[in-house]
Amino acid sequence: MRTVKEQEITALAPNANAAGNARKISSGGGFVSRKRSEDDSFYMGECKGSGKNNYVVSADYIDEEHPVFRCSCPSRQFPCKHSLALLYEMAAGKEFAVTEIPEDILAKREKKEARAAKKQSGEKKPASEKSARASRAAKTKKIKKQLEGLGLLRQLTEGLVSGGLAAMGSVSLKTYRDLAKQLGDYYLPGPLVYLNRLILEMEACQKDQDPRHYDQAVEILKKLRALEKKAEVYLREKLEKDSPEADDDELYEELGGVWKLEQLNGLGLKKEGARLVQLSFQVVFDKARKEYIDQGFWADADTGQLVHTSNYRPVKALKYVKQEDSCFGLVRPSVLSYYPGSANPRVRWESAAYEDIPAQVCKDLMEKACKDIPSAMKDVKNQLKNTLSQEYCPVMISYQELGMAETEGEEGGTGKMVCAMKDHGGNRIRLGSLKGWEDTVSTLPMLPAHSLYREGVLFGLAYYDAGNRQMGIYPLSIIKEDGIFRLLY
């Protein structure tokens, strides 16, 4: 009988409510019959519902990586709660009577196999020369429109650089909001986000007069200015070379390009046979983007490379976009696709298998972690030097001890006690929080075992603390030989 893990069901569920309702149906005896094919490729059942007749539910595994779920209920969710409940029945190891695969399912399989064979053979209607020229012309027109928008952005940044950010306070910020809306018409989502962040910081500065908002606004203006300059060079070069198609430059996405998995795979940005372990998960609200971001940080179990997943859920479309969740198993994507970018690249996959994490994986990750703070921070600083980089960089560092340490006071005076990490060379680094992220430092004193404070590996996000003028780490999880202990979720 087929083995199904609960982590797989959670990954398939369109939302947490669907998974919870499915679990209730299964545990409450909602199924009146359960059947499976002799080859374990097809499972079905009859489930009690709100209607007069029972719902007929099935799961077809003829394609292992892309199972097909069907249900006679009127739900628009996919898979529906009854399909998920059938998977919970399988996960619980309940008895399924062996039966023949229904004729209508066999017919549907034949049609699907025919479509797959046609696709694999490359048999498709070739694009006409006329449509190819039209597509190319449309992409070129878009680039020219983007360059036009960058011209407007240049006028803004030059004015703010020469006149100072105080100019934003002398007139209504409505002018800048109107410009931000215009950038949306010029296919410039990246610059639009930076401009929105700049406006939000200046609004906050006007309200509470906190100089930290002004300092942050200056940093955002630097990024906006750098993006505008790099983007113009990049786009003009594409026009000169007459190559408007997608490429592996990070600016492609920053300036409005939307990646498809087949595009990334076509550029060779893929890996087969990857094994991933999630080290942390958190949902962050980006006010400038007006989106929730389901942020997952992962480690490649074989190489130790740190990568991340980002699931963007616009406020206006929350009910249409599935929310991601924590993952506590070993994930084996059929094909792991990488977004352009060398440091902490974003990854995606279409389908994956889930397994329990072997103990050896944690031991291997501990071996692959950086052995001391100075060498780790050297790499981090090199990455943060890039003006358009994130404000943080994921790190895994071996530590000797986690605990409280005293900072140096002014003129030899007594400092204050802060949470810190000490490596085996006696080097220390402060553990702190990132703006907009949940507090994890306060959870450190609540670790379930005293042994976690000594001899382990800390995973977190390294950042530069401008207030203290020193590097810090936002702690997220602890890796020991017997498992991964998260500070959140």
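In this text, all values refer to a predicted model and were calculated from it rather than measured experimentally. (Residues numbered from 1 in each chain as written. Predicted model: local features only at pLDDT ≥ 70, side-chain atom pairs only at ≥ 80, totals over all residues. Heavy atoms only, no water.)

Asker: Got a sec to walk through the overall build of the chain? Specific residues and values, please.
Answerer: When its secondary structure is counted, the chain shows 13 helices and 19 strands. Looking at the chain as a whole, 44% of its 489 residues qualify as buried. The contacts in the chain between residues at least 6 apart in sequence include a share of 62% that link residues at least 24 apart. Looking at the chain as shown, the accessible area adds up to about 26,700 Å², and 49% of this sits on carbon and sulfur atoms. Separation between the mean location of the 74 positive side-chain charges and that of the 70 negative ones in the chain comes to 5 Å. (Helix = DSSP H or I, 4+ residues; strand = E, 2+ residues; numbered from the N terminus. Buried < 20%, exposed > 50% of the residue type's maximum accessible area, 1.4 Å probe, protein only. Contact = heavy atoms within 4.5 Å. Areas by Shrake-Rupley, 256 points an atom, 1.4 Å probe, with all protein chains shown as cover. Lys, Arg positive; Asp, Glu negative; His and termini not counted. Charge placed at Lys NZ, Arg CZ, Asp CG, Glu CD.)

Asker: An account of the pattern of salt bridges is requested, with residue identities and associated values reported.
Answerer: Pairing of side chains with opposite charge becomes possible as their charged atoms draw close. In this structure the tally under the stated criterion is 28 salt bridges. Two residues, Glu-6 and Arg-23, come together in a salt bridge whose shortest N-O distance is 3.6 Å. Of the two residues, Glu-6 is situated in helix 1 (residues 6-12) and Arg-23 in helix 2 (residues 16-27); the sequence distance between them amounts to 17 residues. Residue Arg-23 is classed as partly exposed on the basis of its relative accessible area, which comes to 37%. Between Arg-136 and Glu-245 there is a salt bridge, with the nearest N and O atoms lying 2.5 Å from each other. In this pair, Arg-136 sits in helix 5 (residues 129-163) while Glu-245 sits in the loop between helix 9 (211-240) and helix 10 (250-254), placing the two residues 109 residues apart along the sequence. (Salt bridge = Lys/Arg side-chain N within 4 Å of Asp/Glu carboxyl O.)

Asker: Which residues make up unusual backbone geometry, and what values go with them?
Answerer: For the bond from Phe-78 to Pro-79, the omega torsion is -10 degrees, close enough to zero to count as cis. Relative to the assigned elements, Pro-79 resides in the loop between strand 4 (68-71) and helix 3 (81-91). Phi at Gln-209 is positive, roughly 60 degrees, even though this residue is not glycine. Its place among the elements puts Gln-209 in the loop between helix 8 (189-208) and helix 9. Within the chain, Tyr-489 stands out as a residue other than glycine whose phi angle is a positive 45 degrees. Relative to the elements of secondary structure, Tyr-489 occurs in the segment after strand 19 (483-486).

Asker: So what's going on with a nonpolar patch on the surface? Residues and values would help.
Answerer: There is a patch of nonpolar side chains on the surface, built from Phe-285, Tyr-292, Val-315 and Leu-318 and spanning about 310 Å² of accessible area. Note on Val-315: relative accessible area 41%, which makes it partly exposed. (Patch = residues over 30% accessible without salt bridge, like charges linked within 9 Å, V, L, I, M, F, W, Y side chains within 5 Å.)

Asker: Give a description of the pairing of strand 7 (residues 276-286) that names residues and reports values.
Answerer: For a regular strand, side-chain orientation follows a simple rule: the groups alternate between the two sheet faces. Most of strand 7 is tucked away: 9 of the 11 residues are buried. Bridging between strand 7 and strand 8 (residues 291-300) involves 10 bridges; their strand directions are antiparallel. Residue pairing across strands places Gln-282 opposite Gln-295, the latter belonging to strand 8. With antiparallel pairing between neighbouring strands as the criterion, strand 7 and strand 8 make up a hairpin whose turn holds 4 residues, including Lys-290 at a positive phi of roughly 60 degrees. As paired strands, strand 7 and strand 10 (residues 330-333) are joined by 2 bridges and run antiparallel to one another. For Val-277, the partnering residue across the bridge sits in strand 10 and is Leu-330. (Pairing = 2+ DSSP bridges.)

Asker: Outline the environment of Ala-352, supporting the account with residue identities and numerical values.
Answerer: Note that Ala-352 resides in strand 13 (residues 352-355). Take Ala-352: its relative accessible area is 24%, and that puts it in the partly exposed class. Taking C-alpha positions, Ala-352 is 10.0 Å from Ala-274, a pair spaced 78 residues apart along the chain. Dropping the residues within four chain positions of it, Ala-352 is found in contact with Val-331, Arg-332, Pro-333 and Ser-334.

Asker: With reference to specific residues and values, describe the sheet that holds strand 3 (residues 55-60).
Answerer: Sheets are built from strands paired through backbone hydrogen bonds, the pairs being either parallel or antiparallel. One open sheet holds the 5 strands; their spatial order is 4-3-2-1-5, and the pairing between them is mixed. Each edge of the open sheet carries a strand with a single partner, namely strand 4 and strand 5 (97-98). Of the pairings in the sheet, the one linking strand 3 to strand 4 comprises 4 bridges and is antiparallel in character. In the sheet register, Asp-60 faces strand 4, and the bridge partner there is Val-68. Strands strand 1 (31-36), strand 2 (42-47), strand 3 and strand 4 of the sheet are contacted by helix 3, whose axis makes an angle of about 65 degrees with strand 3. (Axes fitted to C-alpha atoms, helices over the stretch in contact; angles between N-to-C directions.)

Asker: Tell me what's going on with empty space enclosed by the protein, and back it up with residues and numbers.
Answerer: Where empty space is left in the structure can be found by rolling a water-sized probe over the atoms. Taken as a whole and assessed by the stated rule, the structure comprises 1 cavity of 30 Å³ or more. For the largest cavity, the calculated volume is near 30 Å³. Around the largest cavity, the lining residues are Asp-60, Ile-62, Val-68, Arg-70, Lys-108, Arg-109 and Lys-112. Counting only elements with at least two residues in the lining of the largest cavity, the list comes to strand 4 and helix 4 (103-120). Top contributing element to the lining of the largest cavity by residue count: helix 4, with 3 residues. (1 Å grid on protein atoms, 1.4 Å probe; cavity = no way out; pocket = protein on both sides within 12 Å on 5 of 7 lines; lining within 4 Å. Points joined across faces, edges and corners; volume = space filled by probe spheres on them.)

Asker: Talk me through the sheet that holds strand 12 (residues 347-348); I want residue IDs and the actual numbers.
Answerer: Taken together, the 3 strands give an open sheet; going across it, the order is 6-11-12, and neighbouring strands pair in antiparallel fashion. For this open sheet the edge positions go to strand 6 (270-271) and strand 12, each flanked by a neighbour on one side alone. Pairing geometry for strand 6 and strand 11 (residues 336-338), over 2 bridges, is antiparallel. Among the inter-strand pairings, Lys-271 is bridged to a residue of strand 11, identified as Leu-336.

Asker: Account for the side chain of Thr-157, naming residues and giving values.
Answerer: Along the chain, Thr-157 turns up in helix 5. Within polar-contact distance, the side chain of Thr-157 engages the backbone oxygen of Arg-154 at 3.1 Å. With residues near it in sequence (within four places) discarded, Thr-157 still touches Leu-221, Leu-224, Arg-225 and Glu-228. (Polar contact = N/O pair within 3.5 Å; in protein donor to acceptor, adjacent residues only side chain to side chain.)

Asker: Mind laying out the pairing of strand 10, listing which residues take part and the relevant values?
Answerer: For strand 10 and strand 13, the ladder comprises 4 bridges, and the chain directions are antiparallel. Residue pairing for strand 13: Val-331 is matched across the bridge by Tyr-354.

Asker: Describe the environment of His-82, listing the residues and the values that go with them.
Answerer: With respect to the secondary-structure elements, His-82 resides in helix 3. Exposure remark for His-82: the relative accessible area of 5% places this residue in the buried category. For the pair His-82 and Leu-269, spaced 187 residues apart in sequence, the C-alpha to C-alpha distance is 37 Å. The contacts of His-82, once residues within four sequence positions are left out, are Ile-25, Phe-31, Cys-47, Tyr-55, Val-57, Cys-71 and Cys-73.

This is a description of form; function is not addressed.
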